[in-house]
Structures are given as C-alpha cells and as structure tokens.
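# Notes for the structure review
Listed below, chain by chain, are the residues.
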Amino acid sequence: MAKEQLEVLNALDVAKTQWYHFTAIIIAGMGFFTDAYDLFCISLVTKLLGRIYYHVDGAAKPGSLPPNVAAAVNGVALVGTLAGQLFFGWLGDKLGRKRVYGLTLMLMVLCSVCSGLSLGRDAKAVMSTLCFFRFWLGFGIGGDYPLSATIMSEYASKKTRGAFIAAVFAMQGFGILAGGIFAIIMSSVFEAKYSAPAYQVDPIASTIPQADYLWRIIVMVGALPAALTYYWRMKMPETARYTALVAKNAKQAASDMSKVLQVDIEAETQKIEKLDGQPANSFGLFSSKFLRRHGLHLLGTASTWFLLDIAFYSQNLFQKDIFSAIGWIPPAQTMNAVQEVYRIARAQTLIALCSTVPGYWFTVAFIDKIGRFAIQLMGFFFMTVFMFAIAIPYKHWTHSENRIGFVVMYSFTFFFANFGPNATTFVVPAEIFPARLRSTCHGISAASGKLGAIVGAFGFLYLAQNQDKAKADAGYPAGIGVRNSLLVLGVVNLLGLLFTFLVPESKGKSLEEMSGENEVDEQ
C-alpha cells in the first residue's frame, strides 16, 4: 500500500497557525457558546417557573414544578439535541458541512426567541409552548455538535488540530458562565427595582408580577451570539476535505483553500479519481468493511461519551441540592422569587469559574502535547477517585464545618470531567473516521452522549431522592439517596475508563492517515 496525499490536504495539514484558524474557532465556537447558554440557562429559572405558575395557597414552601413538568422542561431540549445530532450529522455528510451549518444556527436563534415568548398566562399553556420550542431549540443545537467538530477538524493542521477542536468545545464553558452572569445582573436589577418580602413573610407578594419577564429575558438572550455570527458562517467556504474527498471537486477545493491559505494550490483531478477508485474509499456505514475497520472505534467513542454524560448531567442536577446542603442557597421560603434566581445563578457561576472553564482550557493547552488518550484516561480516573471520595464519607461532608472541603472535591470532579473526557469525547470522533462518514459518526457518538445525559438527568433525579418517602421531594417516589447515587456514578466513571481503551490515539496524524483514505494499491 502506497500513501498518496492530495496537495490541498497536505497544505492544510502543515499550515502554520493563521488568522483563518482563529476566525474558524470563533465562528464555530459561538454556536457552542449559544448551545451551552441555552441548555444550561433553564436550570437557573426552573425554581422561578415553579413559584410563578405552581403556587399553592397556604403551602409552607414556594410552588415548584411537578416532577413530570420538571422532567419535560429539562428533558425536551436533550431529546431534541439527540435527534438533531443524528439528523444533521447524516445531512452534513450528504449535503456538505457549510450548507447545513447556517440552518442549525437559524433554528437556534428562532427557537431561543420563541421559548421566551411562550404564550398564555396559565401554567399548562406556558409550559406546553416552552417545551415545544425547547425541543426544536435542542434539535438545532444537536446539529451544531457534528458540524462544528467536523469543520474545525477539517480546517486545522496536524500539529494543532486537537487544541482547535477543543477550543471550539471550550466555548461551552463561557456560555455557561455568561448564562450565570447575565442571570445575576438581571435578577439584581429586578430586585433593586421591585423589592419584595420573603415567601415566609408574604407568600403572594414574594413573587412579583414582573418576575414573569425575568425568566423570559434570560431565556431569549441566548439568541444574540448565534445571530451575530450567522453572516460569517455563510461566508466560510466548504471544507476542502468535503469538496475533494466527498464531492470529488478538485478544482473547487484547490481554489477555496488557495484563498484561505493564500498560497497557490494545484487542482489534482487525476489523483482524486485514483483515490476514489480505492476500496478503502467506497464502503458505507453499514458494511462489514466499516465494521472491521471502525466498528470498535465507533463503539469506543459512543460508549465513553454515553458514560461520561451520565455522570456529567446527573452532577448538574443535584448541584442545586448540594448548594443547599452546604448553605450557598438558603431555604426557599426565606427568599423572594428574584433573590432565589440570584442565589442559584451565583452558585452556578462560581462552579463554572473555578472548575468548568479552567478544565476546558487545560485540555486546549495539553491535548496536542500529551494526546487525547492520556487526557481521557486521566480524566475518568480522577472523576472516579473524587466521586468515591465524596460518596463513601458522604455524612462527613454534610457537616457544616466540612462544607468548603465538599465544594473543593465537587469542583475537582467537574474540573477533571472538562480536563478529560468531556472535551476528548468531542474531539476524537471528528478525527478518526473517513470524510464521507465523519459527520455521521460524530453525530452517532454525540447522540449516544445525549442518551447518557437523559439517563443522568432523569434516572438520577429519581434515584437521588431520599430513601424515606416522607423526605423525598414533593411528587417523587423514594430513591436510593444521594450517597448511593454518587457511588453508582463512581462505577459509571470506572466503566468510562475501561471503554477508553477502544479509542485510538490521533495526536499528530493527518485525518487521512487515521481513516486510510490516502492508501493506494500499487498496480
């Protein structure tokens, strides 16, 4: 087997870091910024929605979303994301990355705005329309995963590809941070303008009528960053790898990349035809050849993402309960509705600032030095260690004098999720599959991650309930308790570590080397 690399792809592989790399990171990254803002901002306002729409006269505690409504509000976006990842992943390989890219962004902008305009004044109407638009918002967000990762991997050079794809993903951290900061600012403004008594002083007056605008503003602002980058997304040329290897248009690929790289590149039509005739470049996703060459790789990328997201999304879920346990968020009845939004946003922002954001950027800094495999293995290992370290002496951490230690341990599990599998599971599927199946395989891996997120978010919402039915949240059955749930998550992280061994290392190799697309049978 001889190796033949097209000049246009080689030029991309060896290109020095240039301005177009940074514009690509910003254009692709703003989609991810929006994704994170939109997906995570709902957790800032769910308590507020409960107070506004589910107030019960005479109740000792403020209104809260019934379990089925809470599950729907939190879950529809995840279900939509899963569907979008599969659909747009497949479409990105069929129609090209660029043509589908603008579509996902428009969907996100439109549905962000519509989520905040959820119609009606009664609970049923508002929640139904909110859920409807959040499903389609998730659908657009889902498309952003395979397309952003694939576009970035196909634009980047061999030396810096991991860092660039990870940088796109790291914009998620800023999205979460922006959601928290914006909620802090808006709730402070509302609190200053419309002060209200705590719930225990006056249950009705504690939720000001204007609070209905607060959650809508927080939800709708997510449309802004996506809308601002739409024009630039449309100006980006199609990736050379898609144009040359999938669309088979050598001239177009050479001309697009000549402009981007500002060098003369020759169109190699004959070489493309020669490569196209090779068996390595013709098998489909459901063929035995794909199963032989990439079956275990796909199992590895899908299973590690699935296991990671179970742990990652369940942590986000009892984040609020953990904050209450350590006293960052006082009992709900001691605050008015707007103060509660402020406290939740502040706690989430602190965690994002101290562990989530630094974790992402550690990955960006080290991924091309120590490799994807080592980072993922290390991340799962430390997540397992810290999860067990929280779970086994759980009683010890709940005492008020040990609160700070608890927050530090909790932050470390988050830090190593992000300086670890949360970033690498996104990077690797964009590198190891053939160009004609790259977006689809990334979509499958990402969708299995979202399936894990759904298991994490809902399975653990019920699992983490108190073992005593009387102490469980209103409307929930008894669970296995937080401690046992954390032990289960420790085991999940351990499984993630084992499945990592199915995933190949792609550091420093060209995409075609990984997928075998540059192999030519010598006649």
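Described below are features of the structure shown in this document. Computed from a predicted structure; not experimentally measured.

Core analysis: the largest hydrophobic core is formed by 153 residues, its most contacted members being Met127, Trp215 and Met257. In terms of residues, this core owes the most to one element, helix α2 (residues 19-53), which gives 19 residues. Contact partners of Met127, with chain neighbours within four places excluded, come to Leu49, Tyr53, Tyr54, Leu65, Val69 and Val73. Residues Leu298, Val428, Phe433 and Val503 belong to the second largest nonpolar core, which totals 11 residues.

Moving on, we get to the packing of helix α14 (residues 337-370) against helix α17 (residues 403-418). Closest axis-to-axis distance for the α14/α17 pair is 7 Å, and the angle between their directions is 25°. For the element pair α14 / α17, the angle class is roughly parallel. Between α14 and α17 lies a crossing whose hand is right-handed. Counted together, Ile351, Ser355, Thr356, Pro358, Gly359, Tyr360, Phe362 and Thr363 of α14 and Tyr410, Ser411, Phe414, Phe415 and Asn418 of α17 form the full contact between these two elements. Along the lines of polarity and charge, the residues of the contact of α14 with α17 split into 7 nonpolar, 6 polar and no charged.

The next subject is the packing of helix α15 (residues 372-391) against α17. Following both chains from N to C, one finds α15 and α17 inclined at 160°, their axes separated by 8 Å at the closest point. Between α15 and α17, the angle is such that the two are roughly antiparallel. Considering the relative orientation of α15 and α17, their crossing is left-handed. For the pair α15 and α17, the contacting residues are Met378, Gly379, Phe382, Met383, Phe386, Met387, Ala389 and Ile390 in the first and Phe406, Met409, Tyr410, Phe412, Thr413, Phe416 and Ala417 in the second. Taken together, the residues of the contact of α15 with α17 sort by class into 13 nonpolar, 2 polar and no charged.

Bringing the side chain of Ser258 into the picture now. Tracing the chain through its elements places Ser258 in helix α10 (residues 250-261). Look at Ser258 and you get buried, because its relative accessible area is 18%. At 2.6 Å, the side chain of Ser258 and the backbone oxygen of Ala254 are in polar contact. Here Ile265 takes part through its backbone nitrogen, which lies 3.4 Å from a polar atom of the side chain of Ser258. Dropping the residues within four chain positions of it, Ser258 is found in contact with Val263, Asp264 and Ile265.

Here α17 spans 23 Å end to end across 16 residues, near enough to the 22 Å set by a 1.5 Å rise per residue. Taken together, the buried positions of α17 are occupied by Phe406, Val407, Met409, Tyr410, Ser411, Thr413, Phe414, Phe415, Phe416, Ala417 and Asn418.

Scanning the model with the defined rule gives 12 salt bridges in all. With a shortest N-O distance of 2.7 Å, Arg97 and Asp93 are connected by a salt bridge. Comparing Arg97 with Asp93 shows no difference in burial state: the two are buried. Between Asp212 and Arg216 there is a salt bridge whose closest N-O contact spans 3.4 Å. With Asp212 and Arg216 both in helix α7 (residues 211-220), this residue pair falls 4 residues apart, about one helical turn. Residue classification places Asp212 among the buried residues on the basis of a relative accessible area of 8%. Given the relative accessible area of 12%, Arg216 is considered buried. Overlapping salt bridges bring together Asp93, Arg97, Glu154 and Arg438 as one network.

Conventions and cut-offs
Residues numbered from 1 in each chain as written. Predicted model: local features only at pLDDT ≥ 70, side-chain atom pairs only at ≥ 80, totals over all residues. Heavy atoms only, no water. Core = buried A, V, L, I, M, F, W, Y, C linked by side-chain atoms within 4.5 Å. Buried < 20%, exposed > 50% of the residue type's maximum accessible area, 1.4 Å probe, protein only. Helix = DSSP H or I, 4+ residues; strand = E, 2+ residues; numbered from the N terminus. Contact = heavy atoms within 4.5 Å. Axes fitted to C-alpha atoms, helices over the stretch in contact; angles between N-to-C directions. Parallel < 35°, antiparallel > 145°, perpendicular 65-115°, else oblique. Left-handed = near helix turned anticlockwise from the far one by under 90°. Nonpolar A, V, L, I, M, F, W, Y, C, P; charged D, E, K, R; others polar. Polar contact = N/O pair within 3.5 Å; in protein donor to acceptor, adjacent residues only side chain to side chain. Expected span 1.5 Å × (residues − 1). Salt bridge = Lys/Arg side-chain N within 4 Å of Asp/Glu carboxyl O.

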